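Architecture and fold: a report
Each chain, letter by letter, is given below.
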Amino acid sequence: MSRSTDPRDAQERALAQALREQQEETPDVREALQKRLTAETRDSGVLYVLVQVLLFGALLGAAAWYFWH
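Now for a description of the structure that goes with this document. What you are looking at is a predicted structure, and each value in this text was computed from that prediction instead of being measured.

Quick look at the overall build of the protein chain now. Scanning the protein chain for helices and strands turns up 3 helices and 0 strands. For the protein chain, the N- to C-terminal ordering of α and β elements is α-α-α. In the protein chain, buried positions account for 3% of the 69 residues. Approximately 6900 Å² of the protein chain is accessible, and the part contributed by carbon and sulfur atoms is 64%.

Here it is as structure tokens:
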């Protein structure tokens, strides 16, 4: 069989074309990840930490009140 009529060559070309098309269709997620990272960084600011500390303090206070009364 010559190289030009080998069915494996046609399969190789079809697979290579399918791979190129798949890579072209793959979405670029960098922008979405950057937006999410920005949102999470903003959410973890000083106010968030202060609220968490206050909630933990309230929990400790409730536990102390429960055990001493």
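Don't stop here, the text continues.
For D9, the location among the structural elements is in helix α1 (residues 7-25). A residue is classified by how much of its surface remains accessible, and D9, at 13% relative accessible area, is buried. A polar atom in the side chain of D9 sits 2.6 Å from the side chain of R13.

A contiguous nonpolar surface patch, about 500 Å² in accessible area, is contributed by L47, L50, V51, L54 and L55. Within the element layout of this structure, L55 appears in helix α3 (residues 46-68). What makes L55 exposed here is its relative accessible area of 52%.

Moving on: the pattern of salt bridges. All chains considered together, the criterion is met by 2 salt bridges. One salt bridge connects R13 with D9, and the closest N-O pair in it is separated by 2.6 Å. Of this pair, R13 and D9 both sit in helix α1, 4 residues apart, which is roughly one turn of that helix. Linking E31 and K35 is a salt bridge whose minimum nitrogen-to-oxygen distance equals 3.5 Å. One end of the pair, E31, and the other, K35, are both in helix α2 (residues 30-43), 4 residues apart, so they sit about a helical turn from each other. There is no split in this pair, since E31 and K35 are both exposed.

Conventions adopted
- Residues numbered from 1 in each chain as written.
- Predicted model: local features only at pLDDT ≥ 70, side-chain atom pairs only at ≥ 80, totals over all residues.
- Heavy atoms only, no water.
- Helix = DSSP H or I, 4+ residues; strand = E, 2+ residues; numbered from the N terminus.
- Buried < 20%, exposed > 50% of the residue type's maximum accessible area, 1.4 Å probe, protein only.
- Areas by Shrake-Rupley, 256 points an atom, 1.4 Å probe, with all protein chains shown as cover.
- Polar contact = N/O pair within 3.5 Å; in protein donor to acceptor, adjacent residues only side chain to side chain.
- Patch = residues over 30% accessible without salt bridge, like charges linked within 9 Å, V, L, I, M, F, W, Y side chains within 5 Å.
- Salt bridge = Lys/Arg side-chain N within 4 Å of Asp/Glu carboxyl O.

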